[in-house]
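Residue-level structural notes
What follows is the residue order along each chain.
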Amino acid sequence: MRKRTLFRLAAGTATVGAATLAYASLIERNMFTLRRYDVPVLPADAEPLRVLHLSDLHMMPDQARKQRWVASLAALDPDLVVVTGDNMAHPDAVPGVLRALQPLLDYPGAFVFGSNDYTGPVLKNPFTYFLPDREYTEGVELPYEELRQVFTGAGWADLNNVRTTLKAGGRQLDLVGVDDPHIERDDYPSVAGAVSSSADLSIALTHSPEPRVLDQMAADGFGLMLAGHTHGGQVCVPGFGALVTNCGLPRSMARGLHRWPGSDSWLHVSAGLGTHPTAPIRFACPPEASILTLHPR
């Protein structure tokens with residue numbers, strides 16, 4: 001009797017596990033979701049401004065469903081499009097990224113790169129994400145300069161350790177960004193400084209939301225900071241949230257809109273639209289894009 005009970009328990013556990021894995025890999029990772037947030041960062045009496053935030057596409061050449069869904073976001077008619085990196089997951093991914101983003105290139109835009117714009121993914125043990133000092137391993141080089149030319153050729157601002165101004169929605173924007181802190185390509189001191197008093201809005205971009213970078217951006221007065229990288233945890237526990245963020249950000253801030261501690265700045269972390277190709281699953285954390293409606297404080 002005890003053996004039969006243990007066998008049934010083991011069989012039931014295996015069945016639930018297999019069903020959960022099938023759901024996470026076949027269903028939820030394709031449940032593309034649009035999040036909407038209101039962010040009080042504009043001066044009094046200003047008209048709202050709409051920012052479409054995309055991140056972590058991790059595009060493979062054959063991901064037609066994802067490409068169509070992202071392209072359909074042009075119907076939102078955003079004032080500004082922001083992309084916070086990790087666009088590619090394959091050396092032949094640029095055409096797929098272009099199919100996804102082509103309709104959005106007609107809008108004002110800005111971008112920074114992530115580590116998986118420079119080099120491709122490699123097979124790894126997912127449990128190493130729980131190790132704070134794990135060694136970063138590079139894969140094959142990706143055509144990031146080709147992607148950069150596509151973006152800048154459309155007029156988008158390259159904010160990889162760059163500061164600039166841009167006009168969007170009839171407003172003057174003070175923009176700053178860093179290259180990916182996750183692989184130590186960031187150089188915020190080279191672009192640091194208080195936000196322009198003549199700007200209607202200030203926005204800062206980084207792929208990985210490392211607190212050491214966000215603290216500096218907030219100290220300079222950037223009202224809205226945008227990041228990706230975390231995948232929202234990618235595999236979350238209902239009622240508990242993300243298990244890991246793969247950076248210095250607390251698990252409670254793995255995705256969504258948050259006030260940055262000790263400042264007047266807001267941080268939005270996108271859970272992103274893709275997955276690591278060797279771990280194509282999402283659980284309790286569907287892929288997402290966000291439309292941020294900015295309004296007066």
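The preceding data block contains the structure.
Residues numbered from 1 in each chain as written. Predicted model: local features only at pLDDT ≥ 70, side-chain atom pairs only at ≥ 80, totals over all residues. Heavy atoms only, no water.

Things to note about the packing of aromatic side chains
- For the structure shown, the criterion picks out 6 aromatic pairs.
- Note on F111 and F113: the rings are 5.4 Å apart at their centroids and 45° apart in plane angle, and the pair reads as tilted. The pair F111 / F113 is uniform in exposure class, with both members buried.
- With 5.2 Å between their ring centres and 35° between their planes, F151 and W156 make a pair best called tilted. Pair check on accessibility: F151 and W156 agree, each one buried.
- Aromatic ring contacts, followed pair by pair, group F111, F113, Y118, Y144, F151 and W156 into a single cluster. (Phe/Tyr/Trp six-rings, centres within 6.5 Å; stacked < 30°, edge-to-face > 60°. Buried < 20%, exposed > 50% of the residue type's maximum accessible area, 1.4 Å probe, protein only.)

Topic: the pattern of salt bridges
- Considering all chains together, one arrives at 6 salt bridges under this definition.
- For E288, the salt bridge identified is with R35, shortest N-O distance 3.0 Å. Taken together, the residues E288 in strand β14 (residues 288-296) and R35 in strand β1 (residues 33-42) connect sequence positions 253 residues apart.
- Classification of R35 as partly exposed rests on a relative accessible area of 24%.
- The partner of R185 in a salt bridge is D179, and the shortest N-O contact between them spans 3.0 Å.
- A relative accessible area of 36% places R185 in the partly exposed class.
- A residue is classified by how much of its surface remains accessible, and D179, at 6% relative accessible area, is buried. (Salt bridge = Lys/Arg side-chain N within 4 Å of Asp/Glu carboxyl O. Helix = DSSP H or I, 4+ residues; strand = E, 2+ residues; numbered from the N terminus.)

A closer look at the side chain of T230
- Locating T230 in the fold gives a position in the loop between β9 (224-227) and β10 (236-237).
- By relative accessible area, which is 5% here, T230 ends up buried.
- Sequence-distant contacts of T230, defined by excluding residues within four places in its chain, comprise P209, T245, C247, A254, V269 and S270. (Contact = heavy atoms within 4.5 Å.)

So, the sheet that holds β1
- Taken together, 6 strands build an open sheet; the order of strands is β1-β14-β2-β3-β4-β5 and the sheet is mixed. Strand pairing shows two members of the sheet lacking a second neighbour, β1 and β5 (157-158), which therefore form its edges.
- The sheet contact formed by β1 and β14 spans 9 bridges and is parallel. Among the inter-strand pairings, T33 is bridged to a residue of β14, identified as E288. (Pairing = 2+ DSSP bridges.)

Comments concerning the sheet that holds β9
- The strand order across the open sheet built from 6 strands is β6-β7-β8-β9-β13-β12, with neighbouring strands paired in mixed fashion. For this open sheet the edge positions go to β6 (162-168) and β12 (256-259), each flanked by a neighbour on one side alone. Between one strand axis and the next, the sheet turns by 25° as a mean value, whatever way the strands run.
- Of the strand pairs in this sheet, β6 and strand β7 (residues 171-177) are connected by 7 bridges, and their pairing is antiparallel. Note on β7: the bridge partner recorded for A168 is R171.
- In this fold helix α6 (residues 211-219) packs onto β8 (201-205), β9 and β13 (266-269), with an angle of close to 155° to the strand it touches most, β9. (Axes fitted to C-alpha atoms, helices over the stretch in contact; angles between N-to-C directions.)

Re the environment of R282
- Here R282 is to be found in the loop between β13 and β14.
- With a relative accessible area of 0%, R282 lands in the buried category.
- The spatial distance from the C-alpha of R282 to the C-alpha of I27 is 8.7 Å, given a sequence separation of 255 residues.
- A distance of 3.4 Å separates a polar atom in the side chain of R282 from the backbone oxygen of H231.
- There is a polar contact of 3.3 Å between the side chain of R282 and the backbone oxygen of G272. (Polar contact = N/O pair within 3.5 Å; in protein donor to acceptor, adjacent residues only side chain to side chain.)

With respect to the side chain of S208
- As for its position among the elements, S208 is in the loop between β8 and α6.
- Apart from the residues lying within four places of it in its own chain, the contact partners of S208 are D180, P181, H182, H229 and C247.

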